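# Fold and contact review
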Amino acid sequence: MSNDFIGDSVPTTLAAASGALSPLMGYGEKADTLLAEVDGISFDELLLQARSSRERGHGKIVSYSNKVFVPLTRLCRDHCSYCTFAASPRKLKSLYLSPDEVMEICRAGEAAGSREALFTLGDKPELRYRAAREALKAFGYSSTVEYLIAMCELVLRKTKLLPHINAGVMSEEEIDALRTVSVSQGIMLESISERLCDRGGPHFGSPDKRPEVRLEMIRAAGRRSVPFTTGILIGIGETRRERLASLIALRNIHEEFGHIQEIIVQNFRAKPKTRMAANAEPDFDDLLWTAAVARKIFGPEMNIQVPPNLSYDGFGQLLQAGINDWGGISPVTPDHVNPEAPWPEIVKLRQATLQAGLYLVPRLAAYPRFVTESERWMAPKVRTAALKASDASGFERNDIWVPGVQKAPPAKQCKATYSKSAVDKVLSMAFARKSLSEQQINALFLARDAEVQDIAMAADELRKQESGSIVRYVVNRNINYTNICTFKCGFCAFSKGKTSEHLRGRPYDLSLTEIVRRAREAWERGATEVCMQGGISPSYTGNTYLDLLRAVKAEVPNLHVHAFSPLEVTHGAKTLGISIVSFLRKLRDEGLGSLPGTAAEILDDDIRAIICPDKLTTHAWLNVIREAHQAGLQTTATIMFGHVEQPYHWAKHLSAIRDLQNMTGGFTEFVPLPFVHMESPLYLRGGTRRGPTWREVELMHAVARIALHPAIPNIQASWVKLGQIGVSNLLNAGVNDLGGTLMNESISRAAGTEHGQELEPHMMESLITSAGRVPQQRTTLYADATAERRYRSFRAIALSEVVQTPPSPRQHALL
């Protein structure tokens, strides 16, 4: 060792080689019991049990992380007998990567589609090498961890990569500091066997490899709520008993803190020019046995990984042991720890996974559970980056399409298998008109690859049964009479109030004259419907809504008024001091034709507490809709998805809509509304995803058709959020309705959509016919539009300029 080594002393005695009598830090007895149990199971049965456990926890998904390997320094104070990563200063051209070199690696990875920056480095080199301290000083830092924090912050700020830290043993304070700039951290326990640190053992001369030191760091990460990667290294002289004790120790820590995101079972590979160059490597069956036992110890939910590159061409067989993750795979950087074993190409990884009947899904450096629960597990700016990069299940967002943009959805990657589909049993129930459970609906939402096309194909078949080749639409006009709102919905970019001055547009409150003018103009242009909604203005009462209704019906008596969300109905009833049902009857008697089923968002109060905390509860929304149906007013049903919720929330929402429909029969159609993120306040504060992925959009429409069949016959797609190409594609996924021509669309435009304000009838019908379907103009309640209405709609003149009436001084004072 160098004369300026600073650190712990190392053991000088050699313990018994077998470790059979070692208490193993109190875990030896549990290891003996488990070993006896496993020895009573055949090898094939053990692997079968592991695969069954994996399927219960992860279905058919096998994940991997597309990463770059950033070896910030190869200096290390430890002397592991098998390692070629660590090097002395005289063998290195530069002791630390410079910031420019770090960014060069990360930008190359970003260009190749990587999402993870794996920072791997030696343990505390400045405690051993004076040259390391001098190199850090030249960069302006006093420690390796301090420099690491700066580099992670740089990568987080200047790229889309999420740092994962593998920096050896760190203090709890260092872990906490790194938590602010990394999405996850890790350290391999390797083994709980203390004797491996004795003279002659693989960890002799490596104070940071002491089991108690590493276990305490793993506990510290748990106390700091850090998503954490750990595992064991097999074949370095440990016994199977010691392996099981090591895994049990990790399980106990995880049971206390819940922060271990994956268990890696890594097999030793002998490397030239190391003290263990001549040591035997564990055979493949031994590796499979250990991985299967790890699955048995940790159960279905844990992520079990075995590095594929260390098994060379036979890596596909590792899936037989119940693993569900391949670890990090880099398209641009080598495995600097195992340079002799290149990572398999992602194409080959996918092929091997498919051959096992499983689907390969990219993930982030943090596993899905930690992404979907990121408020607990991540610092704010890291959480924002993770949400932007993730889908609703917490996996990597693997397409660049987002709702509202002028960009075609991604092409289909897989052909449907349908009759061989793993979801075929659930689909068969739908064809038999049997209600699906929330769990079954959720399983459909979790589909990947070919299963997505299976579901879309099944939905399309149900659509054919329900409506044949006809695709309907309604000629209508949206009138949003005010954007002044006292509610604080985090997703909304439309409403204006004290908390929204930074958003586009100014507050307005349309005069009755302007509202009536717009309704008259809509009728003259062939409309059968006017849809009226607005913010909850503090100056509005139930009488305001009644006055709006009376004015429109007096001017255009034959125009169907589709107006007032459940939130507006609730507000109107409350301000008049009457019941919901009494107010609904007043509206009905004044000529209200139907209600929009908006303000539903996600029918789950935990999600509503995040996105619209002062809005109606789930129960209250369902109650207003139920009362409307019972009063003879039909409604639409909606879902607004792609922000903070997860697929099981979608399943819960669909189940609630279906159950109410079975009770009342009052829903005319179901309308999925993809979250448009661009101008959303909650997104701008870093609190949401970037809307749904295209896969999620396709599944939402298809699964809605399946789950709501036959209760709700019409599934609608929103052209203003998805664009013409988008809705055209969805006509093959269960959709039979394209909603309204709109004439004036305000809410989605305020959120940032680029798809325009009106889709005129000739454009609507051209879109439908180009998809091989038959267009049909309809009314709000799905009767055919009259020939006169259709004639007028195709000969409509251009819209007049709208007048956005500013609020009165009194209304301004109430804001």
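Quick note: structure is the one above.
Notes on the structure follow.

Reading the values: rules and limits
- Residues numbered from 1 in each chain as written.
- Predicted model: local features only at pLDDT ≥ 70, side-chain atom pairs only at ≥ 80, totals over all residues.
- Heavy atoms only, no water.
- Helix = DSSP H or I, 4+ residues; strand = E, 2+ residues; numbered from the N terminus.
- Rg over C-alpha atoms; globule rule 2.2 N^0.38 Å.
- Contact = heavy atoms within 4.5 Å.
- Areas by Shrake-Rupley, 256 points an atom, 1.4 Å probe, with all protein chains shown as cover.
- Lys, Arg positive; Asp, Glu negative; His and termini not counted.
- Charge placed at Lys NZ, Arg CZ, Asp CG, Glu CD.
- Pairing = 2+ DSSP bridges.
- Axes fitted to C-alpha atoms, helices over the stretch in contact; angles between N-to-C directions.
- Parallel < 35°, antiparallel > 145°, perpendicular 65-115°, else oblique.
- Left-handed = near helix turned anticlockwise from the far one by under 90°.
- Nonpolar A, V, L, I, M, F, W, Y, C, P; charged D, E, K, R; others polar.
- Expected span 1.5 Å × (residues − 1).
- Buried < 20%, exposed > 50% of the residue type's maximum accessible area, 1.4 Å probe, protein only.
- Salt bridge = Lys/Arg side-chain N within 4 Å of Asp/Glu carboxyl O.
- Phe/Tyr/Trp six-rings, centres within 6.5 Å; stacked < 30°, edge-to-face > 60°.
- Polar contact = N/O pair within 3.5 Å; in protein donor to acceptor, adjacent residues only side chain to side chain.
- Core = buried A, V, L, I, M, F, W, Y, C linked by side-chain atoms within 4.5 Å.

This part takes up the overall build of the chain. Secondary structure summary: the chain contains 30 helices and 18 strands in total. Its C-alpha radius of gyration of 31 Å places the chain within 12% of the 28 Å reference for a compact globule of 815 residues. With the C-alpha coordinates of the chain rotated into their principal frame, the extents come out at 100 × 55 × 45 Å. Across the chain, every contact between residues at least 6 apart in sequence was considered, and the portion connecting residues at least 24 apart equals 78%. When the accessible surface of the chain is summed, it comes to about 30,900 Å², and 51% of that surface belongs to carbon and sulfur atoms. Taken together, the 95 basic and 90 acidic charged side chains of the chain have centroids lying 3 Å from each other.

Before going further, it helps to examine the sheet that holds strand 13 (residues 560–563). The strand order across the open sheet formed by six strands is 11-12-13-14-15-16, and the pairing between neighbours is parallel. Two strands lie at the open edges of the sheet, namely strand 11 (476–480) and strand 16 (667–674), each paired on one side alone. Each neighbouring strand pair of the sheet contributes to a mean axis angle of 25°, computed without reference to strand direction. Sheet analysis places strand 12 (residues 529–533) next to strand 13, joined by four bridges and oriented parallel. Bridging from a neighbouring strand, Cys531 pairs with His562 of strand 13. Where helix 23 (residues 647–664) meets the sheet, its contacts fall on strand 15 (634–641) and strand 16, and the angle it forms with strand 16 comes to roughly 165°.

In this section: the packing of helix 22 (residues 618–630) against helix 23. Between two packed helices, what matters for the description is the angle formed by their axes and the separation of those axes. The N-to-C vectors of helix 22 and helix 23 enclose an angle of 25°; their axes lie 11 Å apart at closest approach. In terms of orientation, helix 22 and helix 23 fall into the roughly parallel class. In this structure, the crossing between helix 22 and helix 23 has a hand that is right-handed. The segment helix 22 lies against helix 23, with Trp621, Leu622, Ile625, Arg626 and His629 engaging Ala656, Ile657, Leu660, Met663 and Thr664. Taken together, the residues of the contact of helix 22 with helix 23 sort by class into seven nonpolar, two polar and one charged.

Attention shifts here to the packing of helix 1 (residues 28–39) against helix 8 (residues 240–257). Relative orientation of the contacting elements helix 1 and helix 8 amounts to 115°, with a least axis distance of 8 Å. One element, helix 1, and the other, helix 8, form an angle in the roughly perpendicular class. Note on packing geometry: the crossing formed by helix 1 with helix 8 is right-handed. Between helix 1 and helix 8, the residues in contact are Gly28, Lys30, Ala31, Asp32, Leu34 and Leu35 and Arg240, Arg241, Leu244, Ala245, Ile248 and Asn252, respectively.

Here we take up helix 26 (residues 719–730). With 12 residues, helix 26 extends just 10 Å between its outermost C-alpha atoms, more than 12% less than the 16 Å of an ideal straight helix rising 1.5 Å per residue. Among the 12 residues that make up helix 26, nine are buried, leaving the element largely enclosed by the rest of the structure. Within the span of helix 26, buried status applies to Trp719, Val720, Lys721, Leu722, Gly723, Gly726, Val727, Ser728 and Leu730.

The tally for this structure, following the rule as stated, stands at 42 salt bridges. Put simply, Arg243 and Asp286 hold a salt bridge, and the shortest N to O gap is 2.8 Å. Placement of Arg243 in helix 8 and of Asp286 in helix 9 (residues 284–298) is noted, with a sequence separation of 43 residues between them. Across this residue pair, the class does not change: Arg243 and Asp286 are buried. Overlapping salt bridges, with partners in common, bring together Glu172, Asp176, Glu216, Arg219, Arg223 and Arg224 in one network.

This part takes up the environment of Asp606. Its location among the elements puts Asp606 in helix 21 (residues 605–611). Taking the C-alpha atoms as reference points, Asp606 and Asn267, 339 residues apart in sequence, are found 43 Å from one another.

With that out of the way, let us pick up the side chain of Ser793. Examined against the element boundaries, Ser793 turns out to sit in helix 29 (residues 787–794). Residue classification places Ser793 among the buried residues on the basis of a relative accessible area of 5%.

Before going further, it helps to spend a moment on the packing of aromatic side chains. Evaluated as defined, the whole model comprises 13 aromatic pairs. An aromatic cluster is present here, built from Tyr96, Phe139, Tyr141 and Tyr147 joined pairwise through their rings.

Another aspect to go through is the side chain of Arg477. You can see Arg477 is positioned in strand 11. In this structure the side chain of Arg477 is engaged in a polar contact, spanning 3.1 Å, whose partner is the backbone oxygen of Arg518. Excluding residues within four positions of it along the chain, Arg477 makes contact with Arg517, Arg518, Glu521, Ala522, Glu529, Val530, Cys531, Leu742, Met743, Asn744, Leu799 and Val802.

What follows deals with the nonpolar core. With 115 residues, the main nonpolar core has Ile455, Met532, Phe564, Trp621, Phe670, Ile706 and Leu738 as its most contacted residues. Looking at this core element by element, the count peaks at nine residues for helix 25 (residues 694–707). Setting aside its immediate chain neighbours within four residues, Trp621 contacts Pro566, Gly597, Thr598, Ala599, Ala600, Leu603, Leu616, Ile657 and Phe667. Of all hydrophobic cores here, the second largest spans 98 residues; its members include Leu97, Val102, Val293 and Met302.

This paragraph deals with the pairing of strand 11. The buried count for strand 11 comes to five of five residues, which makes it a mostly enclosed element. Inspection of the sheet shows strand 11 paired to strand 12 by five bridges, in the parallel sense. Bridge pairing links Arg477 to Val530 in strand 12.

This brings us to the sheet that holds strand 18 (residues 774–778). Strand order in the open sheet formed by three strands is 17-10-18, and the pairing between neighbours is parallel. A strand with exactly one partner marks an edge of an open sheet, and here the two such strands are strand 17 (737–740) and strand 18. Pairs of neighbouring strands in the sheet enclose a mean axial angle of 20°, with direction left out of account. By the bridge criterion, five bridges tie strand 10 (residues 470–474) to strand 18 in an arrangement that is parallel. Considered in strand 18, the bridge of Arg472 is made with Gln776.

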